[in-house]
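Structural overview
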Amino acid sequence: MKVTIAGVSKFFGQVRALHDVNLEIADGELFFLLGPSGCGKTTLLRCIGGFESVSSGQIMLNGEDVASRPANERNTAMVFQGYALWPHMTVAENVAFGLEMRKVPKDERERRVREALQRVQIEHLRQRKPNELSGGQQQRVALARTLVVEPGCLLLDEPLANLDAKLRRDMRREIRRLCKDSGLTGIYVTHDRQEALSMADRVAVLKDGVVEQVATPQDLYRRPASAFIANFIGETNFVSGTIKERSATGVLVETPCGLIRSSLSPEWAREGQDVLLSLRPEALSIGEGGDNTLSAVLRESTYLGEIANHVAEVAGGVELSFCELNPVSGGRAGEQVTLSVRASDVVVLPPSAER
């Protein structure tokens, strides 16, 4: 199912939850809505599912505007954060509930319940009650209950928030597999960047009800559109500077810690313009060999076995965090080091007070 969101805004009284949201979600795509609490991502998901009405705009499923239709007249199904299982029903009865409401014949209902439970690998639990299941098993029941009605679009509202870290990792793979094997369009809300980066085909980052950027996980991480996104999607170092030179191969930026070259040259960048550079800790390494080298003094080091996290001070009193894989020593405060970074890893961003 193709999902098109065109000019959607949503107000709760005088409070604006969504502002002119425009998104195109392809048939079979696993699409993530990512952002901090209160950014509007769950409101948007509920608008798509018909659990909230839009103040303006269109929500089109396969080209048909359903913005004015109730939830039960849309070919979508929602997996809620709290699972919402009936405690007095067995697993099989919970999964069959939606089919009963649709008056599906008994033989077909039993077949579809059996197939749904097999797909989430819990058919052997069909006679248990929800309170006899683990958190991961309850999550699988909630998934089976949505899959059994054969929706065109699966809506997931932070479905893994109540699970422990290891189970979350396992369920990430399972949900992606289920969506891809079923050919479902999935729209998934989360504030967990690792969930989004590890599962999504594409991600939309929201802030204050506005879509800030839509990109693949790799492009979102390596080519953020703003300081807010760079900081939200992962740890980074920000260095202020001014563009000294712009050419077809990139820009040269004058900063308090010296000249730094980037092979990225945004269309808006001009000579003499103030910018903000984003340098990921893993992009900085000890030793020469990169396009940019910086003399530094180690200020602190944290040894964690397979990795060491360092903080070093470069010229101008600028502190940079960087990491070292398979460290042979933990590093000592006051030690002189040379840091290098490739020009392709230096991201040029507009200056911003919000990070």
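What you see as residue numbers is a count from 1 along each chain, following the sequence as written. For a predicted model such as this one, the threshold for reporting local features is a pLDDT of at least 70, and the threshold for listing and counting side-chain atom pairs is 80 or more; totals across whole chains, interfaces and linings nevertheless cover every residue. No hydrogens and no water enter the side-chain calculation; it runs on all heavy atoms of the structure.

Looking at an unreviewed UniProt entry, the chain carries the name Iron(III) transport system ATP-binding protein, with the source organism given as Oligosphaera ethanolica.

Further remarks concern unusual backbone geometry. Unlike most non-glycine residues, Asn 62 shows phi in positive territory, near 55°. For Asn 62, the position within the fold is in the loop between strand E4 (56-61) and strand E5 (64-65). Look at Asn 62 and you get exposed, because its relative accessible area is 55%. Despite not being glycine, Asp 208 has its phi angle at roughly 55°, a positive value. A run of H or I in DSSP becomes a helix once it reaches four residues, and a run of E becomes a strand once it reaches two; helices and strands are each numbered from the N terminus. Within the secondary structure layout, Asp 208 lies in the loop between strand E9 (202-207) and strand E10 (210-215). Relative accessibility decides the category of a residue: with a 1.4 Å probe and only protein chains considered, values under 20% of the type maximum give buried, values over 50% give exposed, and everything between is partly exposed.

With that settled, the discussion passes to the packing of helix H4 (residues 135-147) against helix H5 (residues 165-182). It is the contact of H4 with H5, at a shortest axis distance of 11 Å, that shows an interaxial angle of 15°. By the angle between their axes, H4 is roughly parallel relative to H5. Crossing hand, H4 versus H5: right-handed. Contact with H4, carried on its side by Gly 135, Gly 136, Gln 139, Arg 140, Leu 143 and Leu 147, involves Leu 167, Met 171, Glu 174, Ile 175, Leu 178 and Ser 182 of H5 and no other residues of that element. Between N-to-C directions, angles cover 0 to 180 degrees, with each direction set by a line fitted to C-alpha atoms, over the stretch in contact for helices. Each angle receives one of four descriptions, namely roughly parallel if under 35 degrees, roughly antiparallel if over 145, roughly perpendicular if within 65 to 115, and oblique otherwise. Crossing handedness is read from the near helix: turned anticlockwise from the far helix by less than a right angle, it gives a left-handed crossing, and turned clockwise, a right-handed one. Any two residues whose heavy atoms approach within 4.5 Å are treated as being in contact.

Let's shift gears to the sheet that holds strand E13 (residues 258-262). Read across the sheet, five strands follow the order E13-E12-E11-E14-E20 without closing on themselves; strand pairing throughout is antiparallel. The open sheet is flanked by E13 and strand E20 (346-349), the only strands paired with a single partner. Geometrically, the sheet is characterised by an average inter-axis angle of 40° between neighbouring strands, direction not taken into account. Strand pairing requires that DSSP identify at least two bridges connecting the strands. Relative to E20, strand E14 (residues 274-279) runs antiparallel, the two sharing four bridges.

One finds Phe 32, Val 95, Val 113, Leu 143, Ile 175 and Val 203 to be the most contacted residues of the largest nonpolar core, which totals 47 residues. Each nonpolar core is a collection of buried residues, namely Ala, Val, Leu, Ile, Met, Phe, Trp, Tyr and Cys, held together in the definition by side-chain atoms within 4.5 Å. Counting residues in hydrophobic clusters, the runner-up holds 27 residues, among them Val 3, Leu 44, Met 78 and Leu 155.

With that settled, the discussion passes to the side chain of Arg 280. Secondary-structure assignment places Arg 280 in the loop between E14 and strand E15 (285-286). Residues scored as charged are limited to Lys and Arg (positive) and Asp and Glu (negative), so that His and the chain ends carry no count. What makes a salt bridge here is a side-chain nitrogen of Lys or Arg within 4 Å of a carboxyl oxygen of Asp or Glu, nothing more. The side chain of Arg 280 is buried and forms no salt bridge, while Glu 282, the nearest opposite charge, is found at 4.9 Å. One polar contact links the side chain of Arg 280 to the main-chain carbonyl oxygen of Ala 230, over a distance of 2.9 Å. Side-chain atoms alone can form a polar contact between residues adjacent in sequence; in general such a contact is a pair of N or O atoms within 3.5 Å, and within protein one must be able to donate a hydrogen while the other accepts it. Within the structure, Arg 280 has its side chain in polar contact with the backbone oxygen of Glu 235 (distance 3.2 Å). In contact with Arg 280, other than residues within four places in its own chain, are Tyr 221, Pro 224, Ala 230, Ile 233, Gly 234, Glu 235, Thr 236 and Asn 237.

In this scheme, a helix's expected span is set at 1.5 Å multiplied by one less than its residue total. Relative to the 18 Å expected for 13 residues at 1.5 Å per residue, H4 spans 19 Å between its end C-alpha atoms, a close match to the ideal helical length. The buried fraction of H4 amounts to ten of the 13 residues, a majority that puts the element mostly inside the structure. Of all the positions in H4, only Gly 136, Gln 139, Arg 140, Val 141, Ala 142, Leu 143, Ala 144, Arg 145, Thr 146 and Leu 147 are classed as buried. Buried-residue contacts for H4 involve strand E6 (76-79), helix H2 (91-101), helix H3 (106-119), strand E7 (153-157) and H5.

All right, on to the layout of surface pockets then. Cavity: a set of points on a 1 Å grid over the protein atoms alone where a 1.4 Å probe fits but cannot get out. Pocket: an open set with protein on both sides within 12 Å along at least five of seven lines, its lining residues, like those of a cavity, having an atom within 4 Å of a point. Grid points are joined across faces, edges and corners, and a volume is the space filled by probe spheres set on the points. As a volume, the largest pocket reaches approximately 520 Å³. Lining the largest pocket we find 18 residues, and of these Phe 51, Ala 77, Met 78, Gly 98 and Arg 102 sit closest to its centre. Where the lining of the largest pocket is concerned, the elements lending two or more residues are E6, H2 and H4. Classifying every residue of the lining of the largest pocket gives ten nonpolar, five polar and three charged. Computed from the structure, the second largest pocket encloses a volume of approximately 180 Å³. Around the second largest pocket, the lining residues are Arg 112, Glu 115, Ala 116, Arg 119, Leu 147, Val 148, Glu 150, Pro 151, Ser 182 and Leu 184. No other element matches H3, which puts four residues into the lining of the second largest pocket. All amino acids are sorted into three groups, where Ala, Val, Leu, Ile, Met, Phe, Trp, Tyr, Cys and Pro are nonpolar, Asp, Glu, Lys and Arg are charged, and the leftover types, Gly among them, are polar. Taken together, the residues of the lining of the second largest pocket break down into five nonpolar, one polar and four charged.

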